[in-house]
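Below are the chains, spelled out letter by letter.
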Amino acid sequence: MENSERALDEAAQLLVESRHVVALVGAGLSAESGVPTFRGPGGLWTKLGEPSMNGYQEFLGDPVRWWRDQQDQQADPDRTEFREAIERAEPNPGHYALAALERMGILKMTITQNVDDLHARAGQEMLAEIHGNRTKLRCISCESRWPRDHFEGQDYPIYCPECRGLVKSDTVMFGEPIPRGMLDLCFSQTEMCDCMIVCGTSATVYPAASFPQTVRERGGAFIEANPNPTPLSPIANVVLRGQNGQVLPALVERVKVLKG
Ligand code: APR
């Protein structure tokens, strides 16, 4: 079912009558905040090519060099454009719509692939940042997290004060396993979910792309909010073909009417 008044009403009805709504979010939600997506026209990987899968192994092999490279990358013009866009970015109406659904008690958890911290800045609290958060650091052993500047001025490599494990950016690198605790949270939320709203993701990266399929296989419903088709479109109960910054606020308005 394509985006229409009826599709929005159907989606709102699904949200209101479901017990445990979970959102799965991708870069498309932040596109209207000026943050480039990864794939498709103008995407970061479209321009730069996908990063190598051995970035994480390089970190493990020489964490001092990795930290030094992080400093040097500050100077990399290609990445500067992306970093400046993400640092300038503000939450857009799509982020605020999800925060509104969370405040209304409709949205129980948002599993986001985005590392831009815009959900938290829009007021969301129930967040599973499956690919990490660029404003934080994480111990790869005990998964403790700190603000990015917590160890400012310390020598490299940075060791965890809790367990002496190695500390790196919280952002999950290509080839890096998703932290166990985060993965368990996402799987348990998916198990409890009877309606997943999938916003702005190409549904090409796993395990995130498997979550809507799991919900459907268990008899749940899934709503796709994306201006373009994705591999998951054929199994969506409702498709909202539009920019998230427009369709999600429209959806919230209908939910408010249904909830009275
Ligand atoms: N509103 C909603 N969706 C949009 C918008 C918009 N305004 N603009 C683009 N999109 C959609 C595109 O149609 C596409 O389906 O956003 C999606 C972006 O897809 P990707 O660039 O592949 O981003 P994402 O799905 O988040 O990638 C997943 O891949 O490289 C990894 O770690 C990276 O978390 C990322 C993961």
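Residues numbered from 1 in each chain as written. Predicted model: local features only at pLDDT ≥ 70, side-chain atom pairs only at ≥ 80, totals over all residues. Heavy atoms only, no water.

## Overview of the environment of Val-22
Mapped onto the elements, Val-22 comes out in strand β1 (residues 21–25). Residues Val-22 and Asp-194, 172 residues apart in the sequence, show an inter-C-alpha distance of 8.1 Å. If sequence neighbours within four positions are ignored, Val-22 has contacts with Leu-107, Met-109, Ile-111, Gln-189, Cys-193, Cys-195, Met-196 and Ile-197. (Helix = DSSP H or I, 4+ residues; strand = E, 2+ residues; numbered from the N terminus. Contact = heavy atoms within 4.5 Å.)

## Things to note about the sheet that holds strand β8 (residues 221–225)
Spatially, β3-β2-β1-β7-β8-β9 is the arrangement adopted by the six strands of the open sheet, whose pairing is parallel. Every interior strand has two partners, whereas the edge strands, β3 (127–129) and β9 (238–240), have only one. When the angles between neighbouring strand axes are averaged without regard to direction, this sheet yields 15°. Bridge count for β1 against strand β7 (residues 195–199) is five bridges, and the pairing is parallel. Bridge pairing in β7 links Val-25 to Cys-199. (Pairing = 2+ DSSP bridges. Axes fitted to C-alpha atoms, helices over the stretch in contact; angles between N-to-C directions.)

## Overview of the environment of Asp-170
Structurally, Asp-170 is set in the loop between β6 (167–169) and α9 (180–192). Aside from chain neighbours lying at most four places away, what touches Asp-170 is His-131, Gly-132, Asn-133, Lys-136, Leu-137, Arg-138 and Arg-145.

## Observations regarding the domain arrangement of the protein
Examined at the domain level, the protein breaks down into domain 1 (5–35 + 89–132 + 178–259), domain 2 (36–88) and domain 3 (136–169). For domain 1 versus domain 2, the separation of C-alpha centres amounts to 26 Å. Counting residues at the interface gives 11 residues for domain 1 and nine residues for domain 2. Buried surface at the junction of domain 1 and domain 2, summed over both partners, amounts to about 750 Å²; 60% is from carbon and sulfur atoms. Broken down residue by residue, the surface that domain 1 buries against domain 2 is led by Ala-27, Val-35 and Ala-89, which jointly contribute 56%. The interface formed by domain 1 and domain 2 contains three residue pairs in polar contact (both at pLDDT 80 or more). Of the residues that constitute the side of domain 1 that touches domain 2, the class distribution is five nonpolar, four polar and two charged. (Domains from an automatic or database assignment. Buried area = accessible area lost by both parts, 1.4 Å probe. Polar contact = N/O pair within 3.5 Å; in protein donor to acceptor, adjacent residues only side chain to side chain. Nonpolar A, V, L, I, M, F, W, Y, C, P; charged D, E, K, R; others polar.)

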